[in-house]
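Here's the letter readout for the chains.
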There are 2 protein chains.
Amino acid sequence: MSSSSSLLSQTEALLETEGHRITATRRGVLKAIAAADSPLTIEEISDRVPDIGRATVFRTVKLLQELGVICRVTLENGGIRYVLSTSSHHHHLICNECGSVTEFSSPQLDQAIHEEAEAAGFELSNHTVELYGKCKHC
Amino acid sequence: MSSSSSLLSQTEALLETEGHRITATRRGVLKAIAAADSPLTIEEISDRVPDIGRATVFRTVKLLQELGVICRVTLENGGIRYVLSTSSHHHHLICNECGSVTEFSSPQLDQAIHEEAEAAGFELSNHTVELYGKCKHC
DNA sequence: CTATATGCAAACCATTTGCAAGAGA
DNA sequence: TCTCTTGCAAATGGTTTGCATATAG
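### Some points on the protein's contact with DNA strand C
- Taken together, 18 residues lie near DNA strand C, and Phe58(A), Thr23(B), Thr25(B), Thr56(B) and Arg59(B) sit nearest.
- Looking at DNA strand C alone, sugar and phosphate atoms form 62% of those within 4 Å of the protein.
- Here Arg26(B) contributes a side-chain N or O atom positioned 2.9 Å from a phosphate oxygen of DNA strand C.
- At 3.1 Å, a backbone N or O of Gly53(B) approaches a phosphate oxygen of DNA strand C.
- For the surface near DNA strand C, the per-class residue count stands at six nonpolar, five polar and seven charged.

And the structure:
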């Protein structure tokens, strides 16, 4: 389908813009994350690209994160996982049972956040919202 | 003032209820966190209670977290810090400059969150909202 | 008195780093 | 060709664990 290939080419363009090289390794790691239906730990990513060294997986994940292609998800128990950022701005619904993560965006929510920040004299640069619970399948 | 002493006695009651002992160590760690005006890393907590072994600081922080007396704050760069949970439900304004953390609560925000969860058929157990930026003092 | 909590040091484990070889542009 | 990237292995550093001792109840 076109969405995944556009993700790849978007990322390649981004890499180029930022002065990084387009390599099979980077494509591989990105594809592994994109193919998963839930956020992966570093170890899980590593398992999906056995030919790539662990150190490189760490380096690549950090790079993709800096580029905003993937984002870090903190689970309720503190565990760290990575998912594709499908939309530029969104929040997460994280299921404690099956570990699935659903993205959503809510202008209403964001408005409340901006109002709150303004009321506190806070200059907002970013924000995260994570909802934990049980998804409709569990 | 009475608020800090009530925190202490509340915590002691909680410890007792959950079958844990009230010790000078636990009081010390709690006081150290309570006295700080911004969230502390494990190391910073440890520095403030030099007589308590690092391993015990880890154990105590984990315990206080389980009891809901303190909560973990994830910084934008991934760093982990701990603050007192002064109110049962709140969110955080985290300053990237000075590291200060301000708590706030917003019924409006929480309502938007609940609506969003409901719309997704999600059974909410918990949620976190972290706003990153620059506080009014910076 | 008995079970829990603590300190210390060793063990663990995820992540980072240095360096030489490999690969993109 | 020249620089960026990767793999490997070693170093690192934060966190956990085992066990003997101390202490709350």
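### Quick word on the sheet that holds strand β3 (residues 91–95) of chain B
- Taking strand neighbours across the sheet as the criterion, the six strands line up as β4(A)-β3(A)-β5(A)-β5(B)-β3(B)-β4(B) in an open arrangement whose pairing is mixed. Looking at the sheet topology across the chains shown, the edges are occupied by β4 (101–104) of chain A together with β4 (101–104) of chain B. When strand polarity is set aside, the average angle formed by the axes of neighbouring strands in this sheet is 20 degrees.
- One ladder, built from four bridges, connects strand β3 (residues 91–95) of chain A with β4(A); its direction is antiparallel. Across the sheet, the residue bridging to His91(A) is Phe104(A), located in β4(A).
- Contacts from helix α5 (residues 107–119) of chain A reach β3, β4 and β5 (123–134) of chain A together with β3, β4 and β5 (123–134) of chain B within the one sheet, and its direction differs from that of β5(A) by about 130 degrees.

### As for the domain arrangement of chain A
Residues and elements named next belong to chain A.
- When cut into domains, chain A gives domain 1 (1–86) and domain 2 (87–138).
- One C-alpha centre belongs to domain 1, the other to domain 2; they are set 21 Å apart.
- Contacts between the two partners involve eleven residues from domain 1, matched on the other side by twelve residues from domain 2.
- Between domain 1 and domain 2, a total of about 820 Å² is buried, with carbon and sulfur atoms accounting for 55% of that surface.
- Remark: the boundary between domain 1 and domain 2 carries zero salt bridges.

### Considerations on the protein's contact with DNA strand D
- Taken together, the neighbourhood of DNA strand D is formed by 17 residues, with Arg21(A), Thr23(A), Arg26(A), Thr56(A) and Arg59(A) sitting nearest.
- Counting only atoms of DNA strand D within 4 Å of the protein, the sugar-phosphate share comes to 64%.
- At 3.3 Å from a phosphate oxygen of DNA strand D is found a main-chain nitrogen or oxygen belonging to Ile22(B).
- The contact in question runs from a phosphate oxygen of DNA strand D to an N or O atom on the side chain of Lys62(B), over 3.4 Å.
- Mapped onto the surface near DNA strand D, the elements with two or more residues apiece are α2 (24–35) and α4 (54–67) of chain A together with α4 (54–66) of chain B.
- Top element by residues in the surface near DNA strand D is α4(B). It accounts for four residues.

About the thresholds
- Residues numbered from 1 in each chain as written.
- Chains lettered and ligands numbered in written order.
- Predicted model: local features only at pLDDT ≥ 70, side-chain atom pairs only at ≥ 80, totals over all residues.
- Heavy atoms only, no water.
- Near = heavy atom within 4 Å.
- Polar contact = N/O pair within 3.5 Å; in protein donor to acceptor, adjacent residues only side chain to side chain.
- Nonpolar A, V, L, I, M, F, W, Y, C, P; charged D, E, K, R; others polar.
- Pairing = 2+ DSSP bridges.
- Helix = DSSP H or I, 4+ residues; strand = E, 2+ residues; numbered from the N terminus.
- Axes fitted to C-alpha atoms, helices over the stretch in contact; angles between N-to-C directions.
- Contact = heavy atoms within 4.5 Å.
- Domains from an automatic or database assignment.
- Buried area = accessible area lost by both parts, 1.4 Å probe.
- Salt bridge = Lys/Arg side-chain N within 4 Å of Asp/Glu carboxyl O.

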